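# Structural overview for review
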Amino acid sequence: MGFFDSEIVQQEAQNLFLDYQQLMQLGSEYGKFDREGKKIYIEKMEELMERYRIFMKRFELSDDFMAQMTVKQLETQLSQFGLSAQAMFDQMHQTLERMKAEVERQP
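Here goes a summary of the coordinates provided. Keep in mind the model is a prediction, meaning the values are calculated, not measured.

A surface patch of nonpolar side chains, about 400 Å² in accessible area, is lined by F4, F65, M66 and M69. Among the secondary structure elements, F4 is positioned in the segment before helix 1 (7–27). The class of F4 is partly exposed, set by a relative accessible area of 34%.

A few words now on helix 1. An α-helical segment advances 3.6 residues per turn. Residues three or four places apart therefore align on the same side. The end-to-end C-alpha distance of helix 1 is 30 Å, a good match for the 30 Å that 21 residues give at a rise of 1.5 Å each. Inspection of helix 1 places V9, E12, L16 and L23 among the buried residues, and these make up the whole buried set. All buried residues of helix 1 lie within an arc of 70° about the axis, which places them on one face of the element. Along helix 1, the residues that are exposed and aim more than 90 degrees away from the buried face are E7, Q22 and Q25. Each element contacted by the buried residues of helix 1 is listed here: helix 2 (35–61). Looking at where helix 1 begins, the residue whose side-chain oxygen comes 3.3 Å from the main-chain nitrogen of I8 is S6.

A separate point is the layout of surface pockets. To find leftover empty space, a probe the size of one water molecule is rolled over the atoms. As a volume, the largest pocket reaches approximately 260 Å³. Together, A13, L16, F17, Y20, L48, M49, Y52 and F55 line the largest pocket. Elements with a minimum of two residues in the lining of the largest pocket: helix 1 and helix 2. Looking at the lining of the largest pocket, its residues break down into eight nonpolar, no polar and no charged.

So, on to the packing of aromatic side chains. In this description, a pair of aromatic rings is defined by centroid distance and the angle of the planes. What the rule picks out here adds up to eight aromatic pairs. Aromatic side chains Y30 and F33 sit 5.7 Å apart centroid to centroid with 65° between the ring planes, which places their arrangement in the edge-to-face category. For the pair Y30 and F33, a shared accessibility class is recorded, and that class is buried. A ring pair is formed by F55 and F59, whose centres lie 5.0 Å apart and whose planes are at 75°; its orientation type is edge-to-face. With F55 and F59 both in helix 2 and four residues apart, the pair spans about one turn of that helix. Taken as a pair, F55 and F59 share a single burial class, namely buried. Aromatic rings pair up to connect F3, F4, F55 and F59 into one cluster. The ring of F89 carries the charged tip of R53 above its face, separated from the ring centre by 4.5 Å.

Calculation rules
Residue indices follow the written sequence of each chain, beginning from 1 at its first position. Residue-level local features of this predicted model are given only where pLDDT is at least 70; pairs of side-chain atoms are given and counted only at 80 or more, and the full residue set underlies all totals for whole chains, interfaces and linings. Think of the side-chain values as coming from all heavy atoms in the structure, minus any hydrogens and water. A patch consists of residues whose relative accessible area exceeds 30% and which take part in no salt bridge; residues with like charges are grouped when within 9 Å of each other, and nonpolar side chains (Val, Leu, Ile, Met, Phe, Trp, Tyr) when within 5 Å. Only the protein chains shown count as cover for residues, and the accessible areas themselves come from Shrake-Rupley with a 1.4 Å probe. Put simply, a salt bridge is a Lys or Arg side-chain nitrogen that is within 4 Å of an Asp or Glu carboxyl oxygen. Only DSSP runs of H or I with at least four residues qualify as helices, and only runs of E with at least two residues qualify as strands; both kinds are numbered from the N terminus onward. A simple rule labels every residue: compare its accessible area, found with a 1.4 Å probe on the protein chains alone, to the largest value its type can have, and call it buried under 20%, exposed over 50%, or partly exposed in between. A helix is expected to span 1.5 Å for every residue after the first. Picture the helix axis, draw a direction to every C-beta atom, and the arc is the one those directions span. Throughout, a contact is declared for two residues whenever any of their heavy atoms are within 4.5 Å. Definition of a polar contact: a pair of N or O atoms within 3.5 Å, with one able to donate and the other able to accept a hydrogen when the atoms are protein atoms, and with sequence-neighbouring residues admitted only if both atoms are side-chain atoms. Cavities and pockets were defined on a 1 Å grid built from protein atoms only: a cavity is a group of points that admits a 1.4 Å probe but offers it no way out, a pocket is an open group of points flanked by protein on both sides within 12 Å along at least five of seven lines, and a lining residue is one with an atom within 4 Å of any such point. Grid points are joined across faces, edges and corners, and a volume is the space filled by probe spheres set on the points. Each residue gets one of three labels, nonpolar for Ala, Val, Leu, Ile, Met, Phe, Trp, Tyr, Cys and Pro, charged for Asp, Glu, Lys and Arg, and polar for the others, Gly among them. A pair of Phe, Tyr and Trp rings is counted when the ring centres sit within 6.5 Å of each other, with Trp represented by its six-membered ring. The angle between the planes then sorts it: under 30 degrees is stacked, over 60 is edge-to-face, the rest tilted. Consider the ring centre and the ring normal. A charge sits over the ring if Lys NZ or Arg CZ is within 6 Å of that centre and within 35 degrees of that normal.

Everything listed here is a matter of coordinates, which is why it stays silent on function.
If you want it as structure tokens, here you go:
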């Protein structure tokens, strides 16, 4: 069975996509959130990034040809922006850390 044939992989991909979409929609209102709302949003983003990191690691570790092609495609797309997958995760982590620091400075 191929990597993408797995029901678990398909479900997690769908869940990640839907959760990401919902957080992005919610994030458009981020400036209107109170302090606690911002903390919750940041926490949810951190959880999503960790789930995504694990999901991508499964791709990297898979022997499946299509999984390896997906990794290569992502690397190619990111390299067009001068990034690696690790750099993308590092930048997202830094952004979330800055957001946390900003929330902590709020009264």
